[in-house]
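Residue-level structural notes
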Protein chains: 2
Amino acid sequence: MVFSTKVFRKIEKIVGKANCSNAKEDLLCYSYDATPTIFFPDAVVFPKNVQDISSILKLANQYEFVVTPRGAGSGMTGGSLPVNGGVVLVMTRLNRILNIDKDNLIAVVEPGVVTGDFGKAVERQGLFYPPDPSSADYSTLGGNAAECAGGPRAVKYGVTRDYVLGLEVVLPTGEIIKTGVQTAKGVVGYDLTRLIVGSEGTLGVITSLTLRLLPLPETVKTITVIFDRIETAAETVSEIIRQGIIPRSIEYMDNASIRCVEDYINSGLPTDAEAILIIDVDGGADEVDRSIKRIQSVCTKSGARYIKTAATSQDAEKIWKARKAVSPALFKYGPDKINEDIVVPRSKIPDMVKKIKALSRETGLTMVSFGHAGDGNIHFNIMLDKQIPEQQTKADHAVDEIFNYTLELGGTLSGEHGVGITKSRYMSKEISPDSIALMRRIKAAFDPAGILNPGKMLV
Amino acid sequence: MVFSTKVFRKIEKIVGKANCSNAKEDLLCYSYDATPTIFFPDAVVFPKNVQDISSILKLANQYEFVVTPRGAGSGMTGGSLPVNGGVVLVMTRLNRILNIDKDNLIAVVEPGVVTGDFGKAVERQGLFYPPDPSSADYSTLGGNAAECAGGPRAVKYGVTRDYVLGLEVVLPTGEIIKTGVQTAKGVVGYDLTRLIVGSEGTLGVITSLTLRLLPLPETVKTITVIFDRIETAAETVSEIIRQGIIPRSIEYMDNASIRCVEDYINSGLPTDAEAILIIDVDGGADEVDRSIKRIQSVCTKSGARYIKTAATSQDAEKIWKARKAVSPALFKYGPDKINEDIVVPRSKIPDMVKKIKALSRETGLTMVSFGHAGDGNIHFNIMLDKQIPEQQTKADHAVDEIFNYTLELGGTLSGEHGVGITKSRYMSKEISPDSIALMRRIKAAFDPAGILNPGKMLV
């Protein structure tokens, strides 16, 4: 349908004129996310409370317009893009931390709370919220839950899914439901909580989250290890885990990433190294020291070129700053970036690294890989100029090859970014037609009119 | 429909005569579980492989008979009871451990593997599968996943849901699908894995599980703490957690449990104590020693009567044996038992304990509570003689009161047993009509003909 002025007037009546807009300049502000694509909505709405959202969704069913929920718009696969126009529901004004309960290790928050701010708030009380997507400084807890965000700490602590105990959700048909529990355990009824987490805003609008917290680990230490061969780095990761040590995170950067970062922020990394591992260990002070010694021993035996434990937290921050600079620094290699977050079984990282090298040679395109070596979650980037059709063709071919090989190795096409619009055409490589048909029936069970975030994932 | 001989002949044709039966003596063997109720199926079938199951389910849709999957039949809420007759699908012959992968910390198993056997098999390789329902010596991994089983270690390690990465499932309509991943992360498509885990055999038949493992903790130590007042015990649990210590398990037994166990196995527990805490701490040796000292200090400050750290693993086993004997020992207090596994926020345990005491006084019935104090999961038992109508009425009233109070305290009606048939009439206390309607639509999306395990949960 065409989104009419009549519908917009009705929206104004629900949320008030101050909380919605159809002015072009406002629509532009909510037309993009972290994918390089733009779709204009017909209206943006800033709900003040759960009732606003319920009313908007009921109206959407009545007038058949589509609604796309949006947090900070930092998603990598287009989950919050209004690909079919309609209303963008901007959740950022629902941004209160409602409760931090130290006795029961839970917190209740609204979806617009920025993840990093929440992390700091619980830390001040000696508590810990582990999920740490790279976007944590600006992404929101609601968006993190919708996409099931991960991050470096997942190797030890798991992903967003593992910390969401319960939700308040507005269903696409407007009903407000509570899912899950406020306690550590709970098995009454189907697990709607984990079905909605990671459903990319297609099954409901999250309006409140009950999150599980942990005690804050006493100590965190960071080791940097430099390798002449990337295969050795990958094998070292496997050996650390085999020794029964689970670090808080094990990140890696390949040579292209290192060179790129050095150009960008000049942090003193050796540009001839084939790989760097950044390993964080946390826990009680003695335990951390012991794990560090054992990790140093594994790295020495495997033939690492250089091993250094950061003496101060400033030193540790410096190396982490380099790791986090990889993504923005990459544009040195081309104006456009294709960014995929495949996962392979940890022990298969060397195979994937070889494959990426070979494809880079074959296509002549710069391919950079870095990411969460501890859980096999590789951020694989191809740099290109999309204006040059030949480069686009080669890059598409490389993505296809990488995805096929990922599945061959027993992996998955996305560890934390989701499917959205950028991976939807690849979904059938991983998910069988029977499963996709079932997912469509589940979508219909939630959203018979198909008004909530259509055009994503199951297209 | 009436289950006809014609249908039985067709089943014989699918699985072979040796793998099914409609003889009364065989039907009896699969007519019960750990609830004191019996329902006869019309046939029992022992599938040899996933194809058998797919064919049986297709036949069930065609001839409209119902199918109930069954593991070891150790469930507490009737999940595996054939309440509507039809076929019981006995999964215990699919009992192979297909792979234990030390490099990637995963295992692939068939559903009929006994949980305790699996735990020992991975331990032999220095690995650890944390979920430990009390039934672990005979219950199966498939049944554990269907019910989302918990256990004492959940306070630190979570429940079955947290260890299932992926499944092979036969849908009620006969299609065979794979869900989830073989890696630590994965967010492609809706989370069918966690939707099926805990769905009590109503959404699909699990035919294979990919499970997450951890490195085996180096040391486990057990502390026994005796209290004159149960409120002090409960407050001590909160204080331990508040100090940032998460033990592997924190179990408690109330005075009635202690007296009962002493009568039963005479393990030397003080029968005048109001409560005993059994606390397991695991991790690296130094870390465990330090935690033990800190826990001892908390217990001393709170006024515990007696604190003892088990000197040997035999001593630790002895005290655990006492804890595990509570459930069978209870029948001293009456021929019948009502057994509920409510969860309240950890800090509300003292309130619930007071409520149970008051109800016991009010009704004159023995009420015993014990369980997983660390995560607020209280196993609450009423002992009675069901032949005495007055006792039954009083017990029903007490359950109602306890359930209402559980929800008032922010808790849930089941932490690990599920809903099945015994709790289905209480489900609407916790789950709203809109959520139940949604769950019904999800059930219909999986099972349009309603042939898989009907009469459970959503009745």
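Each chain carries its own residue numbering, running from 1 in the written order of its sequence. Both sets of labels track the order of writing: A upward for chains, 1 upward for ligands. Side-chain atom pairs in this predicted model are given and counted only at pLDDT of 80 or more, local residue features only at pLDDT of at least 70, and totals for whole chains, interfaces and linings cover all residues. Hydrogen atoms and water are omitted, and side-chain values are computed over all heavy atoms in the structure.

Topic: the interface of chain B and chain A
Keep this limit in mind: Contacts were defined at the residue level, with two residues in contact if any of their heavy atoms lie within 4.5 Å. Accessible area, probed at 1.4 Å, shrinks when two parts are joined; the buried area is that loss added up over both. We define a salt bridge as a side-chain nitrogen of Lys or Arg found within 4 Å of a carboxyl oxygen belonging to Asp or Glu. Within 3.5 Å is the distance limit for a polar contact, defined as a pair of N or O atoms, with the added protein rule that one can donate a hydrogen and the other accept it, and that residues adjacent in sequence qualify only through two side-chain atoms. Helical segments are the DSSP runs of H or I of at least four residues, strand segments are the runs of E of at least two, and each set is numbered from the N terminus. Polar here means any residue outside two lists: the nonpolar Ala, Val, Leu, Ile, Met, Phe, Trp, Tyr, Cys and Pro, and the charged Asp, Glu, Lys and Arg; Gly therefore counts as polar.
At the interface, 78 residues of chain B touch 78 residues of chain A. The contact between chain B and chain A buries some 6,400 Å² in all, and 60% of this surface belongs to carbon and sulfur atoms. The largest per-residue losses of area from chain B upon contact with chain A belong to B:K185, B:V188 and B:Y190, which jointly make up 16% of the total buried on that side. Where chain B packs against chain A, one counts ten salt bridges. If you look at where chain B meets chain A, you find 28 residue pairs in polar contact (both at pLDDT 80 or more). Put simply, the parts of the chain that give the side of chain B that touches chain A at least two residues each are strand 9 (176-180), helix 7 (192-196), helix 8 (230-242), helix 10 (285-302), helix 14 (427-430) and helix 15 (433-446) of chain B. Top contributing element to the side of chain B that touches chain A by residue count: helix 15 of chain B, with nine residues. Residue composition of the side of chain B that touches chain A, grouped by class: 32 nonpolar, 24 polar and 22 charged.

Comments concerning the environment of B:K321
Considering the arrangement of structural elements, one finds B:K321 in helix 11 (residues 313-329). Separated by 56 residues in the primary sequence, B:K321 and B:I265 place their C-alpha atoms 9.1 Å from one another.

Side note on the sheet that holds strand 4 (residues 87-90) of chain A
Residue and element names in this part refer to chain A. As a reminder of what qualifies: What makes two strands pair is DSSP finding at least two bridges between them.
Spatial strand order, 1-2-4-3: four strands in an open sheet with mixed pairing. Of all strands in the sheet, those bounded by a partner on one side alone are strand 1 (20-21) and strand 3 (67-70). With two bridges connecting them, strand 1 and strand 2 (residues 43-45) associate as antiparallel partners. The partner of S21 across the bridge, within strand 2, is V44.

Some details on the domain arrangement of chain A
As a measure of interface size, the accessible area lost when the parts come together is often cited. All names here are of chain A. Note the threshold: Just so you know, the domain bounds were taken from an automatic or database domain assignment.
Looking at the assigned domains, one finds that chain A contains domain 1 (5-90), domain 2 (97-215), domain 3 (219-327) and domain 4 (328-408). Using C-alpha coordinates to define each centre, domain 1 is positioned 23 Å away from domain 2. At the interface, 14 residues of domain 1 touch 16 residues of domain 2. When domain 1 packs against domain 2, close to 1,100 Å² is buried across both sides, 69% of that on carbon and sulfur atoms.

Notes on the packing of helix 9 (residues 255-265) of chain A against helix 11 (residues 313-329) of chain A
Residue and element names in this part refer to chain A. Put simply, the rule reads: Whenever a helix is involved, its axis is fitted only over the stretch in contact; in every case the axis is a line through C-alpha atoms, and angles between N-to-C directions fall within 0 to 180 degrees. Every angle not falling under 35 degrees, over 145, or within 65 to 115 is termed oblique; those three ranges are roughly parallel, roughly antiparallel and roughly perpendicular.
The geometry of helix 9 relative to helix 11 is characterised by a closest axis approach of 8 Å and an angle of 95° between their N-to-C directions. With respect to each other, helix 9 and helix 11 are oriented roughly perpendicular. For the pair helix 9 and helix 11, the contacting residues are S257, C260, V261, Y264 and I265 in the first and K321, A322, A325, V326, P328 and A329 in the second. Its residues placed into classes, the contact of helix 9 with helix 11 shows nine nonpolar, one polar and one charged.

With respect to the relation of the copies chain B and chain A
Quick reminder of the rule: Fitting of the copies onto one another was done by least squares over C-alpha atoms, counting residues only where both copies have pLDDT of at least 70.
Superposing chain B onto chain A requires a rotation of 180° together with a translation of 0.0 Å along the rotation axis, leaving an RMSD of 0.0 Å. Read as a symmetry element, the transformation amounts to a two-fold axis.

Concerning the sheet that holds strand 16 (residues 336-343) of chain A
Sheet strands pair via backbone hydrogen bonds, and the direction of the pair is either parallel or antiparallel. Residues and elements named next belong to chain A. Pairing in this open sheet of seven strands is antiparallel, and the strands run 15-12-14-13-17-18-16 from one edge to the other. The open sheet has two free edges, formed respectively by strand 15 (306-309) and strand 16, since each of these has just one partner strand. Taken pair by pair, the neighbouring strands of this sheet meet at an average axis angle of 15°, ignoring direction. With nine bridges connecting them, strand 12 (residues 219-227) and strand 14 (residues 275-283) associate as antiparallel partners.

Examining the packing of aromatic side chains
All names here are of chain A. Quick note on the threshold: Under the pairing criterion, centres of Phe, Tyr and Trp rings, with the six-membered ring standing for Trp, must be within 6.5 Å; the plane angle then separates stacked pairs below 30 degrees from edge-to-face pairs above 60, leaving the rest tilted. Throughout this description, buried means an accessible area under 20% of the type-specific maximum (1.4 Å probe, protein chains only), exposed means over 50%, and partly exposed covers the range between.
Under the criterion given, the structure shown has twelve aromatic pairs over all chains. Between the aromatic rings of Y129 and Y163, the centroid separation amounts to 6.1 Å while the plane-to-plane angle is 75°, which identifies the pairing as edge-to-face. Of this pair, Y129 sits in the loop between strand 7 (127-128) and helix 5 (141-147) while Y163 is found in the loop between helix 6 (154-157) and strand 8 (164-170), placing the two residues 34 residues apart along the sequence. With respect to burial, Y129 and Y163 carry one shared label: buried.

What to know about the side chain of A:S249
All names here are of chain A. Inspection of the secondary structure assignment puts S249 in strand 13 (residues 249-254). The class of S249 is buried, set by a relative accessible area of 1%. If we ignore the near neighbours within four places in the chain, the residues touching S249 are P152, R153, V155, I278, I279, D280 and W320.

With respect to the pairing of strand 8 (residues 164-170) of chain B
All names here are of chain B. Across the seven residues that make up strand 8, a large majority, seven, are buried. Of the pairings in the sheet, the one linking strand 8 to strand 10 (residues 205-212) comprises six bridges and is antiparallel in character. Following the sheet pairing, V164 is matched in strand 10 by L211. Pairing analysis gives five bridges linking strand 8 to strand 9, with the strands arranged antiparallel. Residue pairing across strands places L167 opposite T179, the latter belonging to strand 9. Taking the residues that link successive antiparallel strands as the turn, the strand 8-strand 9 hairpin has five residues, and the phi of G174 there is positive, at about 100°.

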